[in-house]
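Spelled out, the chains give:
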Amino acid sequence: MSSRIMGFIEKSNKVLLFFAAIFVIILVGRDVLRDIMRKDYSPPTVQVIKSDDAQAIEQKAKLEKQYLGLIKDVHIFEITSDRVVQDQPYSSSAESIVISSSFGLSENAVNVMFTKIGEQRKLLFEKNALIVEFSPSRDKQTQYEKILSKNVYLVAKYDSNNDGFLKRNDKKELLVSEYDGTNLMSVMADIKGYEVVDNDIVLIYAASDLDTLYFIFNIKTGELQKLDTAW
């Protein structure tokens, strides 16, 4: 009896070792396969280059146009770039075009182009800047979207933290324009972000040394008011 038990235990151990080995092989194989299949991704960046440096080493921005969508009679394109040369106007050289159908901006969008059939195109900015967020105008309210009588933009124009790139953590400015990009106007500078909270009502939040400050901007009337949120 004891020899049978010992034989059973020995066979059981072999079976357990076999399954353990299979388990280890699967784990190791999964990690190896993951390393092979993994494509390291880092979001596109927009490098800031001084004009003198750009001229000295012939820095050229890699520009692309991408179709975003249609507002009324205006077709809208985003312009993306891997770098922005300080104080250099937009250049139309070295562009390729990609077709999309969404108003979601790329992470390296630096300008917006508006064009109507039979009319000359219009650029939002004379000099490229990082467009952090874009809320296009819309005249119908849905479950998830409010009415906006103007386009709203959150833009980082300067490398405020001096890291050599335009990023979301640089100082940002809120701007609005008509649906076709005309009458661009600055609402408030040095802010953290914004949120559309009601029809034509935008909540703006800005950082101070002690607290976050909140403001309400009425797009229709142009009125900007500070909310009292002191402790």
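Quick notes on the rules
- Residues numbered from 1 in each chain as written.
- Predicted model: local features only at pLDDT ≥ 70, side-chain atom pairs only at ≥ 80, totals over all residues.
- Heavy atoms only, no water.
- Helix = DSSP H or I, 4+ residues; strand = E, 2+ residues; numbered from the N terminus.
- Buried < 20%, exposed > 50% of the residue type's maximum accessible area, 1.4 Å probe, protein only.
- Contact = heavy atoms within 4.5 Å.
- Areas by Shrake-Rupley, 256 points an atom, 1.4 Å probe, with all protein chains shown as cover.
- Pairing = 2+ DSSP bridges.
- Axes fitted to C-alpha atoms, helices over the stretch in contact; angles between N-to-C directions.
- Core = buried A, V, L, I, M, F, W, Y, C linked by side-chain atoms within 4.5 Å.
- Salt bridge = Lys/Arg side-chain N within 4 Å of Asp/Glu carboxyl O.
- Phe/Tyr/Trp six-rings, centres within 6.5 Å; stacked < 30°, edge-to-face > 60°.

1. What to know about the overall build of the protein
Phase 1: Looking only at helices and strands, the protein has two helices and 16 strands in total.
Phase 2: Here the protein holds 231 residues, and the buried ones make up 34% of them.
Phase 3: Look at the contacts in the protein between residues 6 or more apart in sequence, and 50% of them connect residues 24 or more apart.
Phase 4: For the protein, the accessible area works out to roughly 15,200 Å², and carbon and sulfur atoms hold 54% of it.

2. Considering the pairing of strand 3 (residues 74-80)
Phase 1: With six of its seven residues buried, strand 3 lies for the most part within the structure.
Phase 2: Here seven bridges tie strand 2 (residues 63-71) to strand 3, and the two strands are oriented antiparallel to one another. Across the sheet, lysine 65 pairs through a bridge with isoleucine 79, a residue of strand 3.
Phase 3: In this structure, strand 3 lies alongside strand 6 (residues 109-115), joined through six bridges in antiparallel fashion.

3. Digging into the sheet that holds strand 13 (residues 193-198)
Hydrogen bonds between backbone atoms are what pair the strands of a sheet, whose relative direction is either parallel or antiparallel.
Phase 1: In space, the four strands of this open sheet follow the order 13-14-15-16, with antiparallel pairing throughout. Single-partner strands in this sheet number two, and they are strand 13 and strand 16 (224-226). Across this sheet, the average inter-strand angle for adjacent strands is 30°, counted without regard to direction.
Phase 2: Examined bridge by bridge, strand 15 (residues 212-218) and strand 16 share three bridges and lie antiparallel to one another. Bridge pairing in strand 16 links phenylalanine 215 to lysine 226.

4. What about the sheet that holds strand 11 (residues 172-177)?
Phase 1: Read from one edge of the open sheet, four strands run 8-9-11-12, paired in antiparallel fashion. A strand with exactly one partner marks an edge of an open sheet, and here the two such strands are strand 8 (130-135) and strand 12 (185-191). For this sheet the average axis-to-axis angle between neighbouring strands, irrespective of direction, equals 20°.
Phase 2: Relative to strand 11, strand 9 (residues 151-156) runs antiparallel, the two being bridged by five bridges. Bridge pairing in strand 11 links asparagine 151 to serine 177.

5. Concerning the nonpolar core
In globular proteins that are soluble, nonpolar side chains generally tend to be buried together.
Phase 1: Residues Leu174 and Ile204 are the most contacted members of the largest nonpolar core, which totals 29 residues.
Phase 2: Beyond its immediate sequence surroundings of up to four residues, leucine 174 is in contact with Val152, Tyr153, Met185, Ser186, Val187, Met188, Ile191, Tyr194, Val202 and Ile204.

6. Re the pattern of salt bridges
Phase 1: Enumeration over the complete set of coordinates arrives at six salt bridges.
Phase 2: One salt bridge connects aspartate 82 with arginine 83, and the closest N-O pair in it is separated by 3.6 Å.
Phase 3: Taking relative accessible area as the criterion, aspartate 82 reaches 27% and is therefore assigned partly exposed.
Phase 4: For lysine 167, the salt bridge identified is with aspartate 163, shortest N-O distance 3.6 Å.
Phase 5: Its relative accessible area of 35% is what places lysine 167 among the partly exposed residues.

7. Details of the side chain of serine 137
Phase 1: On the secondary structure map, serine 137 appears in the loop between strand 8 and strand 9.
Phase 2: Judged by relative accessible area, which is 11%, serine 137 ranks as buried.
Phase 3: Ignoring any residue separated from it by four or fewer positions in sequence, one finds serine 137 in contact with Ile71, Leu148, Ser149, Lys150, Asn151 and Tyr179.

8. A few points about the packing of aromatic side chains
Phase 1: Counted by the stated rule, this structure contains three aromatic pairs.
Phase 2: Ring centres of tyrosine 67 and phenylalanine 77 lie 5.2 Å apart, and the angle between their planes is 70°; this geometry places the pair in the edge-to-face category. Linking tyrosine 67 in strand 2 with phenylalanine 77 in strand 3, this pair joins segments that are 10 residues apart in sequence.
Phase 3: Classification of tyrosine 67 as buried rests on a relative accessible area of 19%.
Phase 4: The class of phenylalanine 77 is buried, set by a relative accessible area of 15%.
Phase 5: Centroid distance tyrosine 205 to tyrosine 214: 6.4 Å. Interplanar angle 50°. Geometry classified as tilted.
Phase 6: Taking relative accessible area as the criterion, tyrosine 205 reaches 26% and is therefore assigned partly exposed.

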